[in-house]
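Here is how the chains run, residue by residue.
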Amino acid sequence: MSHLVELAKVEKTELQLGYIPLLDCVALLWAKQRGFFEEVGLNVNLVKEASWASLRDRLAFGLLDAAHCLSAMLPAAAAGTDQIGIPLQTPLVLSENRAFISLSQKLCYALNIQKQDTAESSAKKLTNYIQQDQNISLADVFQHSIHHYCLREWLALADPQLAQSIQMKTLPPPYMVEAISNHLIDGFCVGEPWNTQAELQGLSQIVCSSQHIIPNVADKVLAVTQEWAQQHPHSLIALTSAILKAQQELRQLEDFAPVWQLLIEFDVIQFHCSPDIHVEKYFTIQNIIRNFVQNNAEPKAQDFEWLFQQMHKWNAVELERDTYMTQAQNCLLLETYKAAANPT
């Protein structure tokens, strides 16, 4: 099928694409910057959202056509625990298990938490402190997120009962730094670059990675409503193919400077860091961006089965195993991914 014929099939060309300022929205920004959306006949407007809750609501009610989305929002929508119950689906993984847990530097010093501590060791030091009736406030980005589950699984390494009972605050990723600066929270689990920003400002310290706590599951995905996917199949294939092309280019790009500049322009990076200043952090972030997805970006049913299991474990969502295996499959748009990854 020729490229022109494929473009003619696109049902909708003007798209609103939502995102939250995090490193793993970079493929969306890069696809726009490089003209990949235009190549497939789309005029995409990138819409920065203030929080995951506002992004979810605007996606569910049609104000956004598609969005950079927390993977766990899809099972939450399927189970109706998001109070909306509008089914969401994904054709593309944007990142896998790239969250970090940070605690205030003051708390790390008081508890003698060292950078080389294992996840279990740092969890034990913190839970022992909490058990002494110390008031500790931890924040995640959304109740239905790998970040929420990562924090609970981390605490459970030391004290499963405390992990179940502790109350957590929910804050949009960009507000984590301000919250810890104003002593509103003592720690958080969030994606980059907000851990690095807080660390460079002397506010917090990264104590462990989600990769040391939970399986390598999808963290952010490209999401649409089920209804939108059914009404705009060719638009979705085109959108997916453009972002997939951006992902592949970012993985292989030799000159990283334009990507870094783009992240600064979109207020994702708000700190001074370069190949000359805070060098290790610069190359760590570069490496994260190159490796957001380990193998390919095809969404996997087992990732969403794991998310359903976590909802059952930590959010008290009652679902039979057979039910969430079926629901996990319903979250995926595998034919869309295949069509985007293998254009004929």
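In this text, all values refer to a predicted model and were calculated from it rather than measured experimentally.

**Quick notes on the sheet that holds strand β5 (residues 99-104)**
With mixed pairing, the 5 strands of this open sheet are ordered in space as β7-β6-β8-β5-β9. In this open sheet, the two edge strands, each paired with only one partner strand, are β7 (168-170) and β9 (204-209). Pairs of neighbouring strands in the sheet enclose a mean axial angle of 30°, with direction left out of account. Two strands pair when backbone bridges link them, and β5 and strand β8 (residues 187-191) are joined in this way by 5 bridges, in the antiparallel orientation. The partner of Leu103 across the bridge, within β8, is Gly187.

**Section: the packing of aromatic side chains**
Tallied over the full model, the rule gives 5 aromatic pairs. Ring centres of Phe256 and Tyr282 lie 6.2 Å apart, and the angle between their planes is 85°; this geometry places the pair in the edge-to-face category. Pair noted here: Phe256 is in the loop between α13 (233-252) and α14 (257-265) and Tyr282 is in helix α15 (residues 279-290), with a separation of 26 residues, a long-range link. Both residues of the pair, Phe256 and Tyr282, count as buried. Here Trp260 and Tyr282 contribute two aromatic rings whose centre-to-centre distance is 4.6 Å and whose plane-to-plane angle is 50°, an arrangement assigned as tilted.

**With respect to the domain arrangement of the protein**
Considered domain by domain, the protein is made up of domain 1 (14-97 + 217-341) and domain 2 (99-212). The distance between the C-alpha centroids of domain 1 and domain 2 comes to 24 Å. Between domain 1 and domain 2, the residue contacts involve 36 residues of the former and 32 residues of the latter. For the pair domain 1 and domain 2, the summed buried surface comes to about 2700 Å²; carbon and sulfur atoms form 65% of the total. When residues of domain 1 are sorted by the area they lose upon contact with domain 2, Asn97, Lys281 and Trp314 head the list and together hold 26% of the total.

Rules used throughout
- What you see as residue numbers is a count from 1 along each chain, following the sequence as written.
- In keeping with the model being predicted, local features are shown solely for residues with a pLDDT of at least 70 and side-chain atom pairs are shown and tallied solely at 80 or more, while totals for entire chains, interfaces and linings include all residues.
- Based on all heavy atoms of the structure, the side-chain values leave hydrogens and waters out of the count.
- Following DSSP output, two strands are said to pair if at least two bridges run between them.
- Secondary structure counts use DSSP, requiring at least four H or I residues in a row for a helix and at least two E residues in a row for a strand, with both numbered from the N terminus.
- Whenever a helix is involved, its axis is fitted only over the stretch in contact; in every case the axis is a line through C-alpha atoms, and angles between N-to-C directions fall within 0 to 180 degrees.
- Between 30 and 60 degrees the pair is tilted, below 30 it is stacked and above 60 it is edge-to-face, where a pair is any two Phe, Tyr or Trp rings, Trp via its six-membered ring, whose centres lie within 6.5 Å.
- Exposed residues in this analysis have more than 50% of their type's maximum accessible area, buried residues have under 20%, and partly exposed residues fall in between, with area computed by a 1.4 Å probe over protein chains only.
- Where a domain begins and ends is set by an automatic assignment or by a domain database.
- The contact criterion used is simple: two residues touch if any of their non-hydrogen atoms lie within 4.5 Å.
- By definition, the buried area sums, over both parts, the 1.4 Å-probe accessible area that each loses when the two are put together.

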